[in-house]
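# Structure at a glance
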Amino acid sequence: MKEDYKGRFVKLFLAIIDVTLVYVGFILTYWVLNLFSIRTEGGMIDHDSLIALSASSFFVFYLYDLYTDWRRKSKQHLVYSIILSMVVFSGLELAISKWTPYLSFQLSFIFTVFLIQTYLLICFRLCFWLVNKKLFGKKKVYIIGEDSNMGMYLAGKFLNHNKGWFEISGYIPLTKKGSILEYVEKGDLFLLSPTINRLDKEEIVRQCIKLGKEIMVIPQLYELSLLGANTLQIDDMLVISIKPPRLSVSQQINKRLFDVIASLILLVISSPLLLALFLLIPLTSKGPALYRQERIGVNGNPYWIYKFRSMIQDAEKRTGPVLATNKDPRITVIGRVIRAVRLDELPQLFNVLKGDMSIVGPRPEREYFINQFKQQLPEYSYRLTVKPGITGLGQVLANYTTPVEEKLRFDILYILNYSFLLDLKILLQTIRVVLQREQSQGLKEGNVRKQQLLKNIDQNKVINH
């Protein structure tokens, strides 16, 4: 409870400073333009209207997740989010200047205020991030697992994370769980392998909590249901009510309305691109611009998905169904470009209008791969309780090459926490993912750092500590 209130205080503090800096940015812009004798419409500054407009920036920042816990996250990610949120806010300013007589902004004013406000926000947030890194970084991590291979895999995840937050101090085999007390004084954080059985997990968690140490647990898929569960009292007995991961009727109606409105708006905005690619793709490689492929939708029902062709015609005629790889020779020259910025998926907006898909949801897959995934992960069928989406929580938070089991955790988490605002946040943050290409290279960088781990860290320290 104490941490909860502490987190709320920090969010309130950040929101107040952010809104204040936005307002200060307006005042500085007026001052700068007047200093250089650049005329601004409106004459006198309307402080009340500027304060109201500055306060509205909070909603834009919220949609870009600027009030989540940014400790242990990437500063590049933070900068991208601030810039994109300010682009959206500048669009709001432009709309207000056209429709509101109280605030009339010229384009020169909007451009200048964008630069000043963005600079102020980035400086403040980076300073806040660096202070947190200084205070809460350099955590000494011990990994507890059943075998060294899993230990090395998890260590690679930490090394692939942002530098400066964690230091891998050692790997503790599960056979030595009884001697974990020996490592408590040395370590700050303990990560449990997902393969550890329930009884051993409970014992280790109990010891770490008792000794006041932070512990990270990779949840089993069924454990994710506990995150949104309600506590109830039956007579004098406390129980947790766990509901299956599916949307209620009212949620389905709200989601459908959002899908129709958002897809129509996006189709109007992207219509020039749609037309250009429809003409350009057949001119640069043999075959039609569009292709369709059978995918599995809600409740396991098949449907035809539409995409711009990014590979050579009949790419799977010889190989059969295979997932695309990095630098896949089947991908055409223009295909690499449109795949990099997700333009190949624009025709799926018609699938959304038809009702086969949603704007936001789990990534659509083919039956061939779904049958394979179900054999490894029985819970995979849970993601079929909602319509597949053009974008989703997994695409925003994970990497393109993230393992299926990890993406499934994000899919189930999305279903359990669905809301209109969550869909809107994911849709807006997809823009950041498209622009921030580092996220699609996660596996490549992770492999490099993992090799550095093997070379630079004493094997006895990591595996046999």
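That block above? That's the structure.
Let me sum up the structure you'll find in this document. Values in this document were obtained by computation on a predicted structure and should not be read as measured data.

When helices and strands are counted, the protein chain shows 16 helices and 10 strands. Within the protein chain, contacts between residues separated by at least 24 positions form 74% of all contacts whose residues are at least 6 apart in sequence. For the protein chain, the computed accessible surface area is about 25,700 Å², with 62% contributed by carbon and sulfur atoms.

What follows is about the side chain of Thr118. By the element assignment, Thr118 lies in helix H4 (residues 107-136). Overall, Thr118 belongs to the buried group, its relative accessible area being 7%. Excluding residues within four positions of it along the chain, Thr118 makes contact with Ile82, Ile83 and Met86.

Mapped onto the elements, Gln348 comes out in helix H10 (residues 348-354). Beyond its immediate sequence surroundings of up to four residues, Gln348 is in contact with Ile305, Tyr306, Lys307, Met357 and Ile390.

Our focus in this paragraph is the pairing of strand S7 (residues 290-296). Judged from the 7 bridges that link them, S7 and strand S8 (residues 302-308) form a sheet pairing that is antiparallel. Along S8, the bridge assignment pairs Leu290 with Phe308. Where S7 hands over to S8, the hairpin turn is made up of 5 residues, of which Asn299 adopts a positive phi near 60°.

Moving on, we come to unusual backbone geometry. Even without being a glycine, Asp65 presents a positive backbone phi close to 60°. Here Asp65 shows up in the loop between helix H2 (47-63) and helix H3 (75-99). Located in the positive-phi region is Asn299, a residue other than glycine, with phi close to 60°. Mapping Asn299 onto the fold places it in the loop between S7 and S8. Overall, the relative accessible area of 58% leaves Asn299 in the exposed class.

Another aspect to go through is helix H11 (residues 367-376). Among all positions of H11, only Phe369, Ile370 and Phe373 are buried. Buried residues along H11 cover an arc of 100° about the axis, so they all sit on one side. Check the buried side of H11 and you find it contacts S7 and helix H13 (404-416).

Moving on, we come to the pattern of salt bridges. Applying the stated rule across the entire model yields 10 salt bridges. Measuring nitrogen to oxygen at the nearest pair gives 2.7 Å for the salt bridge that ties Asp18 to Arg125. Residue Asp18 is located in helix H1 (residues 2-35), and its partner Arg125 is located in helix H4; the two are separated by 107 residues in the primary sequence. With relative accessibility at 2%, the residue Asp18 sits in the buried group. With a closest N to O distance of 3.0 Å, Glu406 and Arg409 form a salt bridge. Taken together, the positions of Glu406 and Arg409, both in helix H13 and 3 residues apart, correspond to about one turn of that helix. Here Glu406 falls in the partly exposed class, since its relative accessible area comes to 23%. In this structure Arg409 comes out as buried when scored by relative accessible area, which is 7%.

Reading across the sheet, the 4 strands line up as S2-S1-S3-S4 and stay open at both edges, with parallel pairing between neighbours. In this open sheet, the two edge strands, each paired with only one partner strand, are strand S2 (166-173) and strand S4 (214-217). Averaged over all pairs of adjacent strands, the angle between their axes in this sheet comes to 25°, without regard to strand direction. Pairing of strand S1 (residues 139-145) with strand S3 (residues 189-192) involves 4 bridges; the strand directions are parallel. Among the inter-strand pairings, Val141 is bridged to a residue of S3, identified as Leu189. Packed on one face of the sheet, helix H7 (residues 198-210) meets S1, S3 and S4 and runs near 155° to S4.

Bringing the environment of Ile196 into the picture now. By the element assignment, Ile196 lies in the loop between S3 and H7. Under the relative-accessibility criterion, Ile196 is labelled buried at 3%. Spatially, the C-alpha atom of Ile196 lies 10.0 Å from that of Val217, the residues being 21 residues apart in sequence. If we skip the residues at most four places from it in the chain, Ile196 touches Ile144, Gly145, Glu146, Leu174 and Lys201.

All right, on to the packing of aromatic side chains then. For the coordinates displayed, the defined rule picks out 13 aromatic pairs. Between Phe158 and Phe166 the ring centres are 4.9 Å apart and the planes differ by 85°, which places this aromatic pair in the edge-to-face class. For the pair shown, Phe158 and Phe166 are each scored as buried. Note on Phe373 and Tyr380: the rings are 5.2 Å apart at their centroids and 50° apart in plane angle, and the pair reads as tilted. According to the relative accessible area criterion, Phe373 is buried, its value standing at 9%.

So, about the pairing of S4. Note: S3 against S4, 4 bridges, orientation parallel. Opposite Phe190, over in S4, you have Ile215 as the bridge partner. Tracing the backbone out of S3, into H7 and back to the parallel element S4 gives a crossover that is right-handed.

This part covers the nonpolar core. Among the nonpolar cores identified, the biggest contains 39 residues, and Phe26 and Ile143 are the most heavily contacted of them. Residue assignment for this core shows that the elements contributing at least two residues are H1, H2, H3, H4, S1, helix H5 (148-160), S2 and S3. Ile143 has contacts with Gly151, Leu154, Ala155, Ile168, Gly170, Tyr171, Ile172 and Leu191, leaving out every residue within four places of it along the chain. Counting 35 residues, the second largest nonpolar core, distinct from the first, contains Ile281, Leu346, Val396 and Tyr414.

Procedures and definitions
- Residues numbered from 1 in each chain as written.
- Predicted model: local features only at pLDDT ≥ 70, side-chain atom pairs only at ≥ 80, totals over all residues.
- Heavy atoms only, no water.
- Helix = DSSP H or I, 4+ residues; strand = E, 2+ residues; numbered from the N terminus.
- Contact = heavy atoms within 4.5 Å.
- Areas by Shrake-Rupley, 256 points an atom, 1.4 Å probe, with all protein chains shown as cover.
- Buried < 20%, exposed > 50% of the residue type's maximum accessible area, 1.4 Å probe, protein only.
- Pairing = 2+ DSSP bridges.
- Arc of directions from axis to C-beta.
- Salt bridge = Lys/Arg side-chain N within 4 Å of Asp/Glu carboxyl O.
- Axes fitted to C-alpha atoms, helices over the stretch in contact; angles between N-to-C directions.
- Phe/Tyr/Trp six-rings, centres within 6.5 Å; stacked < 30°, edge-to-face > 60°.
- Right-handed = clockwise from strand over helix to strand, strands pointing away.
- Core = buried A, V, L, I, M, F, W, Y, C linked by side-chain atoms within 4.5 Å.

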